[in-house]
Amino acid sequence: MRRTFIIKKFLFILPAKVIFIFLLIISFVMKADSSMIDCINIPTAEVVDYGIGELNVRLYDGGGTISRIVFAPFNRFNFGGSIDVDKMIGKQSPIIRDPQFYFKWRIFDGTKNLPALAIGYDGQGYEYDSNEKKYLQPAKGLFLVFTLNIFTNGFFTDFGINVVKHMEENKTFGFVGVRYTIEDVLTLITEYENFGNNDLHKVNAGFRVALAEYLNLDLSFKNLAPQKVGIEIDRQVRISYQYKFF
């Protein structure tokens, strides 16, 4: 039994070591301009540029992490995937859930009066319920998103629709967000997701701090306007790192 426990512990620690070595190596790679490919939960029409990748890790309640890697092997196209590891931090045994696919294609760059346009797919849900065997906050699924610069430089609105499988049916939801970047250091974010469904819609807010040109730290507050008694505000942290891989 002890031998089995040691093997499982080694297999769990190994990915963390690989990620650490990976970050250590790319910290010496040429800096990349930081793109904001999503707000808190909703996507934007931005993509990482050709030859650039992004690794981000989201920390959520209960010591869990959702890690996602995105890269751009072609202009305008982003590919990647994510994986949810519940109880990653703490003393309990971690629970590794199925990895999910991510894709985005920036179709139109936009003009002064017309928004940029992108389509994509994100299979990663949030707030997994072990009893129901599903995510309470479903993945964005197939989405269409517009991004428009309004009022002044650094002020953007992101809005669109997404089609997701919920309650064994394909349903269409909407989302909208606003973000404002101050001196390329601090970005204030607010968003409203899943409108069109009274049980799933959420108001989220937060901010992003640029620790370096390629390294960002996000702090978000979710469920700011709960419609049901007993639902509490959820605080989450996300770290994102963008780098050049060729």
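Residues numbered from 1 in each chain as written. Predicted model: local features only at pLDDT ≥ 70, side-chain atom pairs only at ≥ 80, totals over all residues. Heavy atoms only, no water.

Engineer: Give me the overall build of the protein chain: which residues, what numbers.
Structural biologist: Looking only at helices and strands, one finds one helix and 15 strands in the protein chain. When burial is assessed residue by residue, the protein chain has 42% of its 246 residues classed as buried. (Helix = DSSP H or I, 4+ residues; strand = E, 2+ residues; numbered from the N terminus. Buried < 20%, exposed > 50% of the residue type's maximum accessible area, 1.4 Å probe, protein only.)

Engineer: Outline a nonpolar patch on the surface, supporting the account with residue identities and numerical values.
Structural biologist: A surface patch of nonpolar side chains, about 400 Å² in accessible area, is lined by Tyr50, Phe71, Phe245 and Phe246. Within the secondary structure layout, Phe246 lies in the segment after strand E15 (234–244). (Patch = residues over 30% accessible without salt bridge, like charges linked within 9 Å, V, L, I, M, F, W, Y side chains within 5 Å. Areas by Shrake-Rupley, 256 points an atom, 1.4 Å probe, with all protein chains shown as cover. Salt bridge = Lys/Arg side-chain N within 4 Å of Asp/Glu carboxyl O.)

Engineer: Outline the packing of aromatic side chains, supporting the account with residue identities and numerical values.
Structural biologist: Using the criterion set out here, one finds 11 aromatic pairs in the structure. Summarising the aromatic geometry, the rings of Tyr128 and Tyr135 are spaced 5.1 Å apart at their centres and angled 75° between planes, so their arrangement reads as edge-to-face. A relative accessible area of 18% means that Tyr135 is categorised as buried. Through successive ring pairs, a cluster of aromatic residues spans Phe77, Phe79, Phe103 and Trp105. The ring of Tyr102 has Arg68 lying over it, and the distance from NZ or CZ to the ring centre is 4.7 Å. Positioned over the ring face of Tyr126 is Lys222, at 5.0 Å from the centre of the ring. (Phe/Tyr/Trp six-rings, centres within 6.5 Å; stacked < 30°, edge-to-face > 60°. Lys NZ or Arg CZ within 6 Å of the ring centre and 35° of its normal.)

Engineer: Describe the pairing of strand E2 (residues 64–74), with residues and values.
Structural biologist: Note: strand E1 (residues 52–60) against E2, eight bridges, orientation antiparallel. Residue pairing across strands places Arg58 opposite Ile66, the latter belonging to E2. Once E1 ends, the chain turns through three residues before running back antiparallel as E2, passing Gly62 with a positive phi of about 90°. If you look at the hairpin formed by E2 and strand E3 (residues 77–86), you'll find two residues sitting between the two strands, and Arg76 has a positive phi there, around 75°. (Pairing = 2+ DSSP bridges.)

Engineer: Give a detailed account of the pairing of strand E12 (residues 186–195), specifying residues and quantitative values.
Structural biologist: By the bridge criterion, nine bridges tie strand E11 (residues 169–182) to E12 in an arrangement that is antiparallel. The residue bridging Gly177 from the neighbouring strand is Glu191, located in E12. Remark: three residues form the turn of the hairpin made by E11 and E12, two consecutive strands paired antiparallel; Glu183 in that turn has positive phi of roughly 55°. With eight bridges joining them, E12 and strand E13 (residues 202–210) adopt antiparallel strand pairing.

Engineer: Could you give an account of the pattern of salt bridges, naming the residues involved and the relevant values?
Structural biologist: Inspection of every chain in the model, using the stated rule, returns 14 salt bridges. Residues Arg76 and Asp109 are paired through a salt bridge, measuring 2.8 Å at the closest nitrogen-oxygen approach. Within this pair, whereas Arg76 is found in the loop between E2 and E3, its partner Asp109 is found in the loop between strand E5 (100–108) and strand E6 (116–122), the two being separated by 33 residues in sequence. Judged by relative accessible area, Arg76 falls into the partly exposed class, the value being 35%. Classification of Asp109 as partly exposed rests on a relative accessible area of 42%. The salt bridge partner of Arg179 is Asp158, with a shortest N-O separation of 2.7 Å. With Arg179 in strand E11 and Asp158 in strand E10 (residues 155–166), the pair connects residues that are 21 residues apart, well separated along the chain. What you see here is one network of salt bridges that share partners, running through Asp38, Glu54, Arg68, Arg208, Asp218 and Arg238.

Engineer: Break down the confidence of the model for the protein chain for me, citing the residues and quoting the values.
Structural biologist: The share of residues in the protein chain with pLDDT of 70 or more is 85%, and the mean pLDDT across the chain is 85. This model gives residues 2–13 a pLDDT under 50, and the stretch forms two contacts once residues within four places in sequence are excluded. Considering only residues more than four positions removed or in separate chains, one finds that residues 23–32, a stretch of pLDDT under 50, has 16 contacts. (pLDDT = per-residue confidence, 0-100. Contact = heavy atoms within 4.5 Å.)

Engineer: Go over the nonpolar core, please, and point to the residues and values.
Structural biologist: Buried together is how nonpolar side chains tend to be arranged in soluble globular proteins. The biggest cluster of nonpolar side chains holds 11 residues, and these are Met36, Cys39, Ile40, Ile42, Ala45, Ala116, Ala118, Phe143, Val145, Phe175 and Ile189. Contributions of two or more residues to this core are made by E6 and strand E9 (141–149). Not counting residues up to four positions away in its chain, the partners in contact with Ile42 are Lys140, Asp158, Phe175, Val176, Gly177, Glu191 and Glu193. Counting residues in hydrophobic clusters, the runner-up holds six residues, among them Val48, Ile52, Val70 and Tyr102. (Core = buried A, V, L, I, M, F, W, Y, C linked by side-chain atoms within 4.5 Å.)

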